[in-house]
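Here is what each chain is made of, one letter per residue.
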Amino acid sequence: MTTAELGTIPDIKLSVGLSQAEVESRIAAGQVNITPSSTGDATWQIIRRNALSAVNVLLFVISIGLILLDLYRDAVVTAGVVLINVVIGIFQELRAKRQLEQIALLNRATTTVIRSSQRVEIDPSEVVAGDIIVFAAGDQFPVDGLLRTDTPVLADEANLTGESDPVPKRRGDMLLAGSACLSGSGMCEALNVGEKSATQRVTSQARAYRNVKTPLQRDVDTIIRMMTVVVLLLALQVFQAFGGFYGRLPIVETVQASAVLVALVPQGLILMITVAYSLAVLRIAPKGALIQRINAVESLSHIDLLCVDKTGTLTTQRLALERVVPFGVEREQAERLIGDVVASGSAPNKTSEAVAAGLTGAKRPVSEEVTFSSSWKWSGLVFTDEPGVAYVLGAPEVLLAASAGEADGLRAELDDWAGRGFRVLLFGRGETATSLTVDDTPALPQDLELLGLIVLRDELRPGVNRTIKAFSELGIKLKVISGDNPDTVLALARQAGLPTDSTAVSGRELDALSEAEFEQMAEDATIFGRVTPEHKERLVTALARRGHWVAMTGDGVNDILALKQASVGIAMRSGSPATRSAADIVLLEDSFAVLPEAFAEGQRVLRGMTDNIKLFLTRTLSIVFLVFFALLIGQEFPLTPGQNSILATLTVGIPSLALALWARAGHTPRDLGRLVVQFVLPAALMVSVISVAVYDFFLTLTGGNVIWAQAAVTTTMVSTLLLIVLFAQPPTYIWVGASSLNGDRRPAYLVGAMYAVYATILLVPGLRAFFDLRTLPWSGYVMLAFIVCGWAVVVRFIWRQALGDRVWRYGQASIATVLERVDRINNNGS
């Protein structure tokens, strides 16, 4: 809208806006839309979370106790591991925070205001009280403001009220900060800005960084709570046993044992998840996808179904006018009328822009207008110089239903164009006695005279066939949900590489189905055409009810409802600000070709974290069982802090980072209980059994020399727990037990390197003494090698026979039987 055109607005205030002096005076008075930052945790919060966890504080206290007892070496290894983890965690989180903030600036929306009779694009934080804000469909309101124009507006206030139904707004109504314009356009006057906004608290909560925990994070929290309880119970047994050994509670041994036991709580898993998610976001961003909610990384790993629109995904967002087919009028007259209509509309979209680019039209004064919405699928206007005559443009099936008569062969021609992949619109006119709206709802004139057929050509995205093939390789199915003719969409989908047997269904056919039939059709069909926003939302919800993890792409306000229902909502950067705000991911280059890489990254993160859980829990439970069994047979505490630090670093710390980096894409079942019973328990029990046997044997062999026996146990546990790395990501078939073949040889090289590091520690006297180790006779190492090989064969047999899985299924069946009997007893009692 130019400055000259602004003068046509009745209220002179709207055409002029604030002057620069008025803006500066309002800024000086604090009447500016500055709100608290909500981009993430503050630096001090990150430092506190990493450094001052309960386990870290306890380990620091224990380290101080070791220093007071002159056990400097144990103090160093106890506090050293903690400090290294804290420093790495803080560094990674701060680095990720800075980079994420820089990336987020790419997606920041702007606000259009009128100042000194000029339209100006500014940051939302620069809006001042009294500013005249210009908005259109898809824009989000940055402040509370009064609607100052006459065109009715539909607002989405779901972020504020939780109600999904659009709210009609008329001149003088309040437009709330954080709500979005679904249809219509106009101007509003900024009223409440910044923290004075009545809705600032709500919108801040809606937009703020929220540390909502994912299923994996909740699983890890459960693990940590359970292990904390186990460690506490084990500590009580240890201290009771110490009383039996020494007749009292020895200070040195108690503090050393406490250092080992407290370090068993696998708090490092929390840090590892946070870092893994942050790194995934940073790896995906340069490829063209901005993840706005970091926890969406995990959701990406579960996606098995992607719903896309045709435009912007299968096709580019460029349309071209193919031709105009006139009905009952000369071609020149039909093209002139169509050109005038699209040139005079106040809310252009990509379709009207494509028509305007192909036709010459004059901008004429308009007395009434209905802008296009996917809810009614037509737009119309009444020219001031033609009162009582409405010109409408819209979907063929909608205009045909209101037409006075069908042109000869029209349906056959429509089907022919649609079957070849062209987008088709109808143009007509009709008499309107009063208004194009009835009770604030657009009402299409009846007995329309059809004047022409508009044929538009879509352009397939380059490389779309490769992208669809990549989705298939990831196990992700595609469904196309579009507002266009289903036959048109089906033809383009087949050209893009979707299966030739794909079925198409229209929105009207969906309306005729029962809820059960609708849900089944959502599952069976691939193409959905002429659908409304409500259809999209219902389709996503129905698919989710059938157990799918659904991702949904969208670019317009008509997609917001569906995006909010999807497991992962994906918006185009060129889409409306409201749509981008509602999405979990924004495609910075408007190309869904990046999505296979994003989904694969999510799958890699989850698979890597699952492997890390195997390492952490196997080591932790192995030591728990070892201590329990050692005390059960009347032996002393089997590990020192130094030896435990070797186990933590070589068998878990370094390998877990490597496995997270090397993980491959693929769906990973999320069942923590089954993972523990099937993989972790057999491995941990067998490690502890052979370790306690080795401990008891070397105590007997050396006449009760605890240090030698502890060294033998450490060697045994290092050897077996490093092999767990190979069983977690099997490089060859020989290592396949409870995990599928990975084929990557890097874990094998890593294990070899860790063995070499351990051998170096044993060979260097200073390192050997620092970590409380002793060298054994060669015959001792040969014996341990045979024991470790036997352990590997036995535990692999247990995994391949799925003994743990059988125990899991039996336990579930037993629990179900007990619950069923309880219900039966309760029912009989009632």
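Everything here concerns the structure above.
Residues numbered from 1 in each chain as written. Predicted model: local features only at pLDDT ≥ 70, side-chain atom pairs only at ≥ 80, totals over all residues. Heavy atoms only, no water.

Q: Hey, could you go over the sheet that holds strand 10 (residues 289-291) for me, with residue numbers and the actual values?
A: In spatial order, the strands read 10-25-24-23-11-20-22-21; together these eight strands make up an open sheet with mixed pairing. With one partner strand each, in any of the chains shown, strand 10 and strand 21 (504-506) form the two edges of the open sheet. Within this sheet the neighbouring strands show an average axis-to-axis angle of 20°, counted without direction. Both strand 20 (residues 477-481) and strand 22 (residues 527-529) contribute to a ladder of two bridges, which runs parallel. In the sheet register, Ile 481 faces strand 22, and the bridge partner there is Phe 528. In this fold helix 20 (residues 515-524) packs onto strand 20, strand 21 and strand 22, with an angle of close to 120° to the strand it touches most, strand 20. Here helix 21 (residues 533-545) sits on the sheet and contacts strand 11 (305-308), strand 20, strand 22 and strand 23 (550-554); the angle it forms with strand 23, its principal contact strand, is near 165°. (Pairing = 2+ DSSP bridges. Helix = DSSP H or I, 4+ residues; strand = E, 2+ residues; numbered from the N terminus. Axes fitted to C-alpha atoms, helices over the stretch in contact; angles between N-to-C directions. Contact = heavy atoms within 4.5 Å.)

Q: Which residues make up the pattern of salt bridges, and what values go with them?
A: Counted according to the given criterion, the structure contains 24 salt bridges. A salt bridge links Lys 287 to Glu 597, with the shortest nitrogen-to-oxygen separation between them at 3.3 Å. Within this pair, whereas Lys 287 is found in the loop between helix 11 (268-284) and strand 10, its partner Glu 597 is found in helix 24 (residues 595-632), the two being separated by 310 residues in sequence. Judged by its relative accessible area of 38%, Lys 287 falls in the partly exposed class. Taking relative accessible area as the criterion, Glu 597 reaches 39% and is therefore assigned partly exposed. Arg 423 is paired through a salt bridge with Asp 458; the nearest N and O atoms lie 3.8 Å apart. Here Arg 423 is found in strand 16 (residues 423-431), whereas its partner Asp 458 is found in strand 19 (residues 449-460), with 35 residues between them in sequence. Each member of the pair, Arg 423 as well as Asp 458, carries the same accessibility label: buried. Connected via shared salt-bridge partners are Glu 515, Glu 519, Glu 523, Arg 538, Arg 545 and Arg 546. (Salt bridge = Lys/Arg side-chain N within 4 Å of Asp/Glu carboxyl O. Buried < 20%, exposed > 50% of the residue type's maximum accessible area, 1.4 Å probe, protein only.)

Q: Which residues make up the packing of helix 16 (residues 410-419) against helix 18 (residues 486-496), and what values go with them?
A: Put simply, helix 16 and helix 18 touch, their axes get as near as 7 Å, and they point 25° apart. It follows that helix 16 is roughly parallel to helix 18 by the angle criterion. Along its contact with helix 16, which presents Asp 415, Ala 418 and Gly 419, the element helix 18 presents Asp 487, Thr 488 and Ala 491. (Parallel < 35°, antiparallel > 145°, perpendicular 65-115°, else oblique.)

Q: Before we move on, can you summarise the side chain of Arg 115 with the specific residues and values?
A: Along the chain, the position of Arg 115 falls in strand 1 (residues 111-115). Note on Arg 115: relative accessible area 13%, which makes it buried. Among the polar contacts made by the side chain of Arg 115, one reaches the main-chain carbonyl oxygen of Glu 126 at a distance of 3.1 Å. Those residues within four positions of Arg 115 in sequence are excluded, and the remaining contacts are Val 16, Leu 18, Val 23, Ile 122, Glu 126, Val 127, Val 128 and Asp 131. (Polar contact = N/O pair within 3.5 Å; in protein donor to acceptor, adjacent residues only side chain to side chain.)

Q: Break down the packing of aromatic side chains for me, citing the residues and quoting the values.
A: Applying the stated rule across the entire model yields 15 aromatic pairs. With 5.7 Å between their ring centres and 50° between their planes, Phe 383 and Tyr 391 make a pair best called tilted. Neither Phe 383 nor Tyr 391 differs from the other in exposure class; each is buried. Each ring, one from Phe 770 and one from Phe 771, has its centre 5.0 Å from the other, and the planes form 85°; the classification is edge-to-face. Residue classification places Phe 770 among the partly exposed residues on the basis of a relative accessible area of 29%. Ring pairing ties together the aromatic residues Phe 679, Phe 727, Trp 735, Trp 791 and Trp 799, which thus form one cluster. Just above the ring of Phe 383 sits the side chain of Arg 364; from NZ or CZ to the centre is 3.7 Å. (Phe/Tyr/Trp six-rings, centres within 6.5 Å; stacked < 30°, edge-to-face > 60°. Lys NZ or Arg CZ within 6 Å of the ring centre and 35° of its normal.)

Q: Lay out a nonpolar patch on the surface in plain terms, naming residues and giving numbers.
A: A contiguous nonpolar patch, built from Leu 52, Val 57 and Val 61 and spanning about 260 Å² of accessible area, is present on the exposed surface. Inspection of the secondary structure puts Val 57 in helix 5 (residues 54-68). (Patch = residues over 30% accessible without salt bridge, like charges linked within 9 Å, V, L, I, M, F, W, Y side chains within 5 Å. Areas by Shrake-Rupley, 256 points an atom, 1.4 Å probe, with all protein chains shown as cover.)

Q: Talk me through empty space enclosed by the protein; I want residue IDs and the actual numbers.
A: Throughout the structure, instances matching the rule amount to two cavities of 30 Å³ or more. There is about 30 Å³ of room inside the second largest cavity. Taken together, the residues of the lining of the second largest cavity sort by class into two nonpolar, two polar and three charged. (1 Å grid on protein atoms, 1.4 Å probe; cavity = no way out; pocket = protein on both sides within 12 Å on 5 of 7 lines; lining within 4 Å. Points joined across faces, edges and corners; volume = space filled by probe spheres on them. Nonpolar A, V, L, I, M, F, W, Y, C, P; charged D, E, K, R; others polar.)

Q: Give a detailed account of the sheet that holds strand 4 (residues 144-147), specifying residues and quantitative values.
A: Neighbouring strands of a sheet are bound in pairs by backbone hydrogen bonds; such pairs are parallel or else antiparallel. Ordered in space as 2-1-3-9-4-7, the six strands form an open sheet in which the pairing is antiparallel. A single partner strand is all that each edge strand has here, and the edge strands are strand 2 (118-122) and strand 7 (174-175). Relative to strand 9 (residues 186-192), strand 3 (residues 132-135) is paired through four bridges, and the arrangement is antiparallel. For Phe 135, the partnering residue across the bridge sits in strand 9 and is Gly 186.

Q: So what's going on with the nonpolar core? Which residues, and what values?
A: Among the nonpolar cores identified, the biggest contains 122 residues, and Leu 306, Ile 570, Leu 587, Phe 592, Phe 599 and Trp 791 are the most heavily contacted of them. Among all residues touching Phe 599, those that are not within four sequence positions of it are Leu 300, Ile 303, Leu 306, Phe 471, Leu 474, Ile 476, Ala 551 and Ile 570. Counting 25 residues, the second largest nonpolar core, distinct from the first, contains Trp 376, Val 398, Leu 444 and Val 455. (Core = buried A, V, L, I, M, F, W, Y, C linked by side-chain atoms within 4.5 Å.)

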